[in-house]
Amino acid sequence: DDLSGTDVARKVTILARECGLKLELSDIPVKSLVPAALESWQPAVGANIGDAFVKELEAYDAEMDALISEAEAAGEVLRFVGAVDVQAGTAFVKLSRYPKDHPF
């Protein structure tokens, strides 16, 4: 749930409701950290799921390294965040770039 963003989306839903918005978990768009090709992935029988998943993720390291390098070149960092926009009545969960001195 952590890498898929579901945990963050649940928390964003609670926060949005506390702010008076009538949002459901399904209303929160989530840009998962899990590559689409791995969303329904299953390990081989008998394999340790954590180790096997990390091994599968290695194929996507270059993509993440490029995002990190681009952010770093701009003096920024990547953060996986959820946010609520009370005025717009919306919320989201995604990987975003922030200045290195940003509280996130």
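Residues numbered from 1 in each chain as written. Predicted model: local features only at pLDDT ≥ 70, side-chain atom pairs only at ≥ 80, totals over all residues. Heavy atoms only, no water.

**A closer look at the overall build of the chain**
Put simply, the rule is: By the criteria applied, helices consist of DSSP H or I runs no shorter than four residues and strands consist of E runs no shorter than two, each listed in order from the N terminus. Taken over C-alpha atoms, the radius of gyration is set against a globule rule of 2.2 Å times the number of residues to the power 0.38. A 1.4 Å probe rolled over the protein chains alone gives each residue an accessible area, and that area as a share of the maximum for its type sets the label: buried under 20%, exposed over 50%, partly exposed in between. Areas reported as accessible are Shrake-Rupley estimates using a 1.4 Å probe. Residue values count occlusion only from the protein chains shown. His residues and chain termini do not enter the charge count, which takes Lys and Arg as positive and Asp and Glu as negative. Throughout, a charge is located at the NZ atom of Lys, the CZ atom of Arg, the CG atom of Asp or the CD atom of Glu.
Helix and strand counts for the chain come out as three helices and two strands. Its helices and strands in sequence order give the chain the pattern α-α-α-β-β, from N to C terminus. For 104 residues, the compact-globule estimate of 2.2 N^0.38 gives 13 Å, and the chain exceeds it by more than 25% at 16 Å. Based on the C-alpha atoms only, the size of the chain along its principal axes is roughly 45 × 35 × 20 Å. Here the chain, with 104 residues, has 22% of them falling under the buried criterion. Accessible surface computed for the chain: about 7,200 Å², of which carbon and sulfur atoms make up 54%. Separation of charge centres in the chain, based on 10 positive and 18 negative side chains, amounts to 5 Å.

**Concerning the pattern of salt bridges**
Basically, it comes down to this: The term salt bridge refers to a pairing of a side-chain nitrogen on Lys or Arg with a carboxyl oxygen on Asp or Glu at a separation within 4 Å.
Under the defined criterion, the tally for this structure stands at four salt bridges. One salt bridge in this structure joins Glu 76 and Arg 97, with 2.6 Å as the shortest N-O distance. You can see Glu 76 sitting in strand β1 (residues 76–85) and its partner Arg 97 sitting in strand β2 (residues 90–99), a full 21 residues away along the chain. On the accessibility criterion, Glu 76 (21% relative accessible area) is partly exposed. Residue class for Arg 97 comes out partly exposed when judged on its relative accessible area of 38%.

**Regarding a nonpolar patch on the surface**
Put simply, the rule reads: Surface patches are drawn from residues lacking salt bridges whose relative accessible area is over 30%; two like charges belong together within 9 Å, two nonpolar side chains (Val, Leu, Ile, Met, Phe, Trp, Tyr) within 5 Å.
Together, Met 64, Leu 67 and Ile 68 give the surface a local cluster of nonpolar side chains, amounting to about 210 Å² of exposed area. With respect to the helices, strands and loops of the structure, Ile 68 is situated in helix α3 (residues 61–73).

**Focus on the packing of aromatic side chains**
Selection rule: Only Phe, Tyr and Trp rings are paired, with Trp represented by its six-membered ring, and only when their centres lie within 6.5 Å; those with planes under 30 degrees apart are stacked, over 60 edge-to-face, the remainder tilted. The rule is short: NZ of Lys or CZ of Arg within 6 Å of the ring centre and within 35 degrees of the ring normal puts a charge over the ring.
Counting across every chain of the model gives two aromatic pairs. Taking the centre distance of 5.1 Å and the plane angle of 85° together, the rings of Tyr 98 and Phe 104 count as edge-to-face. For Tyr 98, a relative accessible area of 15% gives the class buried. The ring centre of Phe 92 lies 4.9 Å from the NZ or CZ of Lys 94, which sits over that ring.

**Here's the deal with the nonpolar core**
Just so we agree on the cut-off: The criterion is simple. A nonpolar core is a set of buried Ala, Val, Leu, Ile, Met, Phe, Trp, Tyr and Cys residues joined through side-chain atoms within 4.5 Å. In what follows, a contact means two residues having at least one pair of non-hydrogen atoms within 4.5 Å.
Within the largest apolar cluster, eight residues are counted, these being Ala 9, Val 12, Ala 16, Leu 21, Leu 23, Ile 28, Ala 91 and Val 93. Elements with a minimum of two residues in this core: α1 (6–18) and β2. Counting residues per element, this core draws most heavily on α1, at three residues. Residues contacting Ala 9, with those up to four places away along its chain left out, are Leu 25, Ile 28, Val 30 and Val 93.

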